[in-house]
Every structure is written in C-alpha cells, then in structure tokens.
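For reference, the chains in residue letters:
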Amino acid sequence: MKPKLINIAIGLLAVAALTVVYTAGWFMGQTGQETALIKEAQAAGGRVKGPNVEAPDRYVYYPGTEKLAKDEVRVIACGTGMPDQRRGQASACFLFEFGNGEKLIFDLGTGSMRNISSLMIPYQYLTKVFLSHLHTDHWGGLSSLWAGGWTAGRPVPLEVWGPSGQTPDMGTKYAVEHFLKANNWDYQTRAYKITPVPGQIKVHEFDYRAENAVVYQENGITVRSWPAIHAGDGPVSFSIEYAGLKMVFSGDTTPNKWFVKYAKNADFVIHEVFPPPEIWVAWGNQPPQLGWRACCEFHTSGQSFGKIMSEIKPRHAVGYHFFNEEATRYVIYDSIRETYDGPLSMATDMMMWDITKDKIVERMAVSADKSWAVPGTTRQPPPEKGLAPVMSEFIKSGEWGPAFNAQNKVLDEHSKKYNLQDQDWRKQKPWYKPSK
Ligand SMILES: [Zn+2]
Ligand SMILES: [Zn+2]
C-alpha cells in the first residue's frame, strides 16, 4: 500500500478500537459492571449507586473521623504561605500524625493555629513543635499554641526543638527564653488563676551544623536534621522516619548539597518553591533587582525545585511557601515541570496526605470555621496555691458594684446548680448585695 493508504487504514482501525472500548465501557457502566476503565475513573470520584446513598471517595478528609493504621502517617498542611498575611493562607506549618498516636508539628508560622485548631485535636496531644528556623513565618504561631492551648486544657509544658545559631543569641533557646520574657504579663496573669505548668516551654536546642544527626527519637519515630542555606546560619531541614517510611521537610532553603544527599530516596518530600522573578515584580511589587534574588538566590525556584526532586526521586513531592492561586499556581507548576515529571502537590492550607508503604493520597481536610477546643483524656493540674495575685488593691477598688450586682440572678442559679455556695467569690467584695 501507498503510505497515504496505510495512514487511512491505521486511522480507521484506531477509531474502530476506540468505539468498541467506549461502547463496552458505557454498556458496562449502565449495567453496573466494572471494567478496568471504570475502575480508573473511580480513583477520581467513585460511583454513586443511588439518589439517597452514601457516596464514596469525595477527596475530602473530615478530621477526627478516620483512625490511622499502625504504619500510616497523615500530614496536614496547617500553613503554606508567606510572612505577609492573608486570610486564606497561613504561614509555614505541617502537622504530622503517626499511627502510634504521636503528633509532631513542623514549623508553626503566623496564623497557622487557626488551621490546627479547626482539626479539633485535644491540646494534650499538641505539645511537640519542631522549628526549622526562627523567621516569624515559621514560628509566629507559637504564642497561640502556647497561650491558647494553655487556656484550652493542655496539662503539660510545651516542648520545642530547634537549631542553634552562630552565637547563643541567634539560637532557639535564646528565642524561646525571650519569648517567655516578652510574654511575662500573659504568663503571670494566667499562671496563678489556671495552673503555671502548661505555661512552661522545654527547649531542645541542637547544633545546626550537624549533618543528618538525630534530634528526636521516641516511640519508633526518628527525626534528623541537616543544615539549610537561608538568610544566615541556623536554618535546618528535617527528615522524619517512621514504620519504614521516610518523610522530609525542607523549611526554607536554597538548593544545597546536604538536602540532595540526605533526602535521597525519601517517600515524601515537602520543599519550598518560589514564584519566578516576574511574579515578584508584577504581583509582589518588588523592584526587578530584588525580584530575581527573592526567588532564585534567597529561595528555590520552580526549575531548581524540579531539579532537586528529579535527583531525590521521592514517591511524592510537595511544593509550598508561595501564595497559591490561579495567577501563581500554574506559572510555578509549569516551571517545576521543566525539570521534574514525578508526582507533585502544589500545597495550600488544609491539603493533606495519607502516607503508607502502598500509596500516598492527596486530599483536602474539611473542617469547621468556628470550632471549639475539645477535651481529651487528661485534666490540667489545679491552680498552684500561694502564687501572689497580680492585681493591686488600688485597681480592685475601682470595681463598680451596681453592674456586678446586676448579674446576681444568673450567678445565684449557677451556684445552686453546681453547688458552689462555699466558693462564692462575691462574698469578699465590698460592693456585694445578695439578692433577697
Ligand atoms: Zn525564612
Ligand atoms: Zn519562610
């Protein structure tokens, strides 16, 4: 046959083959049978078998409704954005939940506690925080976990792991000690009323220069750190090993030899990725000479991110640390795809991943905008006796009795309901006029 006729023959055969496959798929779909084609489609949604039935596979995770298997890890993006704030995206934060019950927070950027609290995890389980470095977009949320978790029932001190610096005043220990000093008023005013114990923070500072060194090893979880290159000495990246799985969190870093070496062959790698220079000029209002350094000298561009992933070959890669919307997502995505063609998530807040030996699945966590803290299995210790009140007689003497007495009816009822007669705080007040 002439080449033209061969082409036509191949074309006709292809059309015939596709028609058979399509018709078979359609027919089997109508009759409720499953073909390989339909199974493929189920991974993207799941067949709904009636007008009033439970629908499978909605790509969503409802926090607190799924038990983790023993050898499973769940990672939730509690912050994926930038130092400047936006309502829809908090600064860097990733919560790791392990099948053995442990929960470790990697970075706790400004605003991220709103996302974490919406998961409605009792605060007794949110006590361990790992900091990649001390930029506020990676630890500015500590105040909310510290104070908010304290008022919401955390029974024990917080624990913070973080790197040293070139000098003591550039390290995590210094930062947390001075965080507590700066928050002294907050501490003193809560400590004597609730209990001072959850107001304490235990710091575990480790050497930022150590390579692949163990910084945490408990209950089958090993966390290691190595140096990152970002802004100054101190920043690190972490690997997290559990049940034969290796996960990596970059923190902030430019491309570096340690990351490529120690993240090699990890199952799951979260790495920062920045938009290209033009986005910084057009959207970020940066002067051009700063725009091309922001992305590409101080941070990691899409092309560099892709190159790193192609070298590491993770089972799944996650890019974070950019304002994620239509204007930026696809530009960054395309730049990554110039150098990497493996599995990839473009992280945004509340994206989550189920990680097992068999598969890694990306979903979105769906949680309440207006959640309350929920109790767990423990109770806080009672207030400590003997701590001096921090309000003077002068200030107390300003209390205006008529407005206090105006609430007597509701307080009397409360007192009666819960048998609080012998703990009636009003009796010490000069303005108290009991209702008849
Ligand atoms: Zn940083
Ligand atoms: Zn950052």
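What counts as what
- Residues numbered from 1 in each chain as written.
- Chains lettered and ligands numbered in written order.
- Predicted model: local features only at pLDDT ≥ 70, side-chain atom pairs only at ≥ 80, totals over all residues.
- Heavy atoms only, no water.
- Pairing = 2+ DSSP bridges.
- Helix = DSSP H or I, 4+ residues; strand = E, 2+ residues; numbered from the N terminus.
- Contact = heavy atoms within 4.5 Å.
- Axes fitted to C-alpha atoms, helices over the stretch in contact; angles between N-to-C directions.
- Parallel < 35°, antiparallel > 145°, perpendicular 65-115°, else oblique.
- Donors = N, O, S within 2.8 Å, 3.2 Å for Na, K, Ca; no water.
- Tetrahedral: all angles 85-135°; square planar, octahedral: opposite > 155°, others 65-115°.
- pLDDT = per-residue confidence, 0-100.
- Buried < 20%, exposed > 50% of the residue type's maximum accessible area, 1.4 Å probe, protein only.

**Some thoughts on the sheet that holds strand β3 (residues 93-98)**
Strands pair in a sheet through their backbones, by hydrogen bonds, and they do so in one of two ways: parallel or antiparallel.
Right, so step 1: A sheet is described by the order of its strands in space; here nine strands give the open sequence β1-β16-β15-β2-β3-β4-β5-β6-β7, paired in mixed fashion. With partners counted over all chains shown, the strands left at the sheet margins are β1 (60-61) and β7 (201-206), one partner each.
Right, so step 2: Across the sheet, helix α6 (residues 172-182) is in contact with β6 (158-163) and β7; its angle to β7 comes to roughly 160 degrees.

**Comments concerning the packing of helix α5 (residues 142-151) against helix α7 (residues 184-191)**
Each pair of packed helices can be summarised by the angle the axes make with each other and by the distance between the axes.
Right, so step 1: Relative to each other, α5 and α7 sit at 10 degrees, their axes nearing to 12 Å. Our classification of the angle between α5 and α7 gives roughly parallel. Packed against α5, whose contacting residues are Trp-146, Ala-147, Trp-150 and Thr-151, the element α7 presents Asp-186, Tyr-187, Arg-190 and Ala-191 at the interface.

**Describing the coordination of the zinc ion (ligand 1)**
Right, so step 1: Distances from the zinc ion (ligand 1) to its protein donors, His-133 (NE2), His-135 (ND1), His-230 (NE2) and Asp-252 (OD), fall at 2.1 to 2.4 Å.
Right, so step 2: Considering all four donor atoms around the zinc ion (ligand 1), angles at the metal cover 91 to 166 degrees and the coordination shape is irregular.

**What to know about the confidence of the model for the chain**
Right, so step 1: For the chain, the average pLDDT comes to 92, and 90% of its residues sit at 70 or higher.
Right, so step 2: Of the regions scoring below 50 in pLDDT, residues 25-42 engages in 19 contacts with residues more than four places distant in sequence or in other chains.

**Focus on the coordination of the zinc ion (ligand 2)**
Right, so step 1: Distances from the zinc ion (ligand 2) to its protein donors, Asp-137 (OD), His-138 (NE2), Asp-252 (OD) and His-321 (NE2), fall at 2.0 to 2.2 Å.
Right, so step 2: Classification of the site at the zinc ion (ligand 2) rests on its four donor atoms, whose angles at the metal span 90 to 158 degrees, yielding the label irregular.
Right, so step 3: Of note, the zinc ion (ligand 2) draws all its donor residues from one chain, in the sequence arrangement D-H-x113-D-x68-H.
Right, so step 4: Distance-wise, the zinc ion (ligand 1) is placed 3.4 Å from the zinc ion (ligand 2), both being coordinated by Asp-252. Remark: His-321 occurs in the loop between β13 (316-320) and α12 (326-337) and Asp-252 occurs in the loop between β11 (245-249) and α8 (257-262); sequence separation between them is 69 residues.
Right, so step 5: The exposure class of His-321 is buried, given its relative accessible area of 1%.

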